[in-house]
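Secondary and tertiary structure notes
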Amino acid sequence: MRETKQKTAILEFLRSKRQHYSAIQIYDAVREKIPNISLGTVYRNLSTLLESGEIISVETSDKCVFYDGFIKDHAHFVCQKCKNIFDFELPTSAKEHLVGDGFDVSYERLVCYGTCKNCSKK
């Protein structure tokens, strides 16, 4: 995979934050460093970074895609009211159980949907 300043800037932005960003939000942030970057370039690089496993994506219930630079095994909770995405650790991994049973697991992904505690209080 060819390294470019655009790809490097996108990856650095995502890894510097523990939040989840849409392609438009990433585009706006990276444009501060690379003013002439196009939205198409951002989408192409996000696709390449996803394919190589350097980032992951999370889809909300309304089909919006957000990108995450934190690729260590973890799960996500998507609030269907405020649309915030929260990271959480699982007490045990499905991957651990499967590997113990002889499966070869490349990665695992769990996304839970519902209402976060802040929205539940309202």
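Now for a quick tour of the structure.

**Remarks on unusual backbone geometry**
Phi at Lys63 takes a positive value of approximately 70°, unusual for a residue other than glycine. The topology assignment puts Lys63 in the loop between strand 1 (56-59) and strand 2 (65-68). The class of Lys63 is exposed, set by a relative accessible area of 62%.

**Concerning the packing of aromatic side chains**
Tallied over the entire structure, the rule returns two aromatic pairs. Centroid distance Phe13 to Tyr21: 4.8 Å. Interplanar angle 55°. Geometry classified as tilted. Each member of the pair, Phe13 together with Tyr21, is buried. Summarising the aromatic geometry, the rings of Phe77 and Phe86 are spaced 6.4 Å apart at their centres and angled 45° between planes, so their arrangement reads as tilted. Across from the ring centre of Phe70, 3.6 Å away, lies the NZ or CZ of Arg18, which sits over that ring.

**Here's the deal with helix 1 (residues 5-15)**
Residues that lie three or four places apart on an α-helix share one face, since the helix turns once every 3.6 residues. Within helix 1, burial applies to Lys7, Ala9, Ile10, Leu11, Phe13 and Leu14. In this structure, the buried side of helix 1 is in contact with helix 2 (23-31), helix 3 (39-51) and strand 2.

**Some thoughts on the nonpolar core**
Ile10, Leu14, Ile26 and Leu46 are the most contacted members of the largest nonpolar core, which has 17 residues in total. Among the elements of the structure, helix 1, helix 2 and helix 3 are those that each provide at least two residues to this core. For this core, the element with the highest residue contribution is helix 1, accounting for five residues.

**Quick notes on the sheet that holds strand 3 (residues 75-79)**
Backbone-to-backbone hydrogen bonds join strands into a sheet, with any given pair of strands oriented parallel or antiparallel. Spatially, the three strands line up as an open sheet ordered 4-3-5, and their pairing is mixed. In the strand order of this sheet, the two ends are held by strand 4 (85-88) and strand 5 (111-114), each with one partner. Pairs of neighbouring strands in the sheet enclose a mean axial angle of 25°, with direction left out of account. Relative to strand 5, strand 3 is paired through four bridges, and the arrangement is parallel.

**Some remarks on the packing of helix 2 against helix 3**
Where helix 2 meets helix 3, the axes come as close as 10 Å, and the angle between the chain directions of the two elements is 115°. Crossing geometry of helix 2 relative to helix 3 is assigned as right-handed. For the pair formed by helix 2 and helix 3, the contact residues are Ala23, Ile24, Ile26 and Tyr27 on the first element and Leu39, Val42, Tyr43 and Leu46 on the second. Among the residues making up the contact of helix 2 with helix 3, the classes are represented as eight nonpolar, no polar and no charged.

**Comments concerning the pattern of salt bridges**
Scanning the model with the defined rule gives four salt bridges in all. Arg18 is the salt-bridge partner of Asp87, the closest N and O atoms lying 3.2 Å from each other. Remark: Arg18 occurs in the loop between helix 1 and helix 2 and Asp87 occurs in strand 4; sequence separation between them is 69 residues. Residue class for Asp87 comes out partly exposed when judged on its relative accessible area of 24%.

**Quick word on the pairing of strand 3**
Consecutive side chains of a regular strand alternate in pointing toward one face of the sheet and then the other. Of all the five residues making up strand 3, four are buried; the element is thus mostly covered by neighbouring parts of the structure. Note: strand 3 against strand 4, four bridges, orientation antiparallel. Residue His76 lies in a different strand from strand 4, and its bridge partner there is Asp87. A loop of five residues connects strand 3 with strand 4, the two strands running antiparallel in sequence, and Lys83 in this loop sits at a positive phi of about 70°.

Cut-offs applied
- Residues numbered from 1 in each chain as written.
- Predicted model: local features only at pLDDT ≥ 70, side-chain atom pairs only at ≥ 80, totals over all residues.
- Heavy atoms only, no water.
- Helix = DSSP H or I, 4+ residues; strand = E, 2+ residues; numbered from the N terminus.
- Buried < 20%, exposed > 50% of the residue type's maximum accessible area, 1.4 Å probe, protein only.
- Phe/Tyr/Trp six-rings, centres within 6.5 Å; stacked < 30°, edge-to-face > 60°.
- Lys NZ or Arg CZ within 6 Å of the ring centre and 35° of its normal.
- Contact = heavy atoms within 4.5 Å.
- Core = buried A, V, L, I, M, F, W, Y, C linked by side-chain atoms within 4.5 Å.
- Pairing = 2+ DSSP bridges.
- Axes fitted to C-alpha atoms, helices over the stretch in contact; angles between N-to-C directions.
- Left-handed = near helix turned anticlockwise from the far one by under 90°.
- Nonpolar A, V, L, I, M, F, W, Y, C, P; charged D, E, K, R; others polar.
- Salt bridge = Lys/Arg side-chain N within 4 Å of Asp/Glu carboxyl O.

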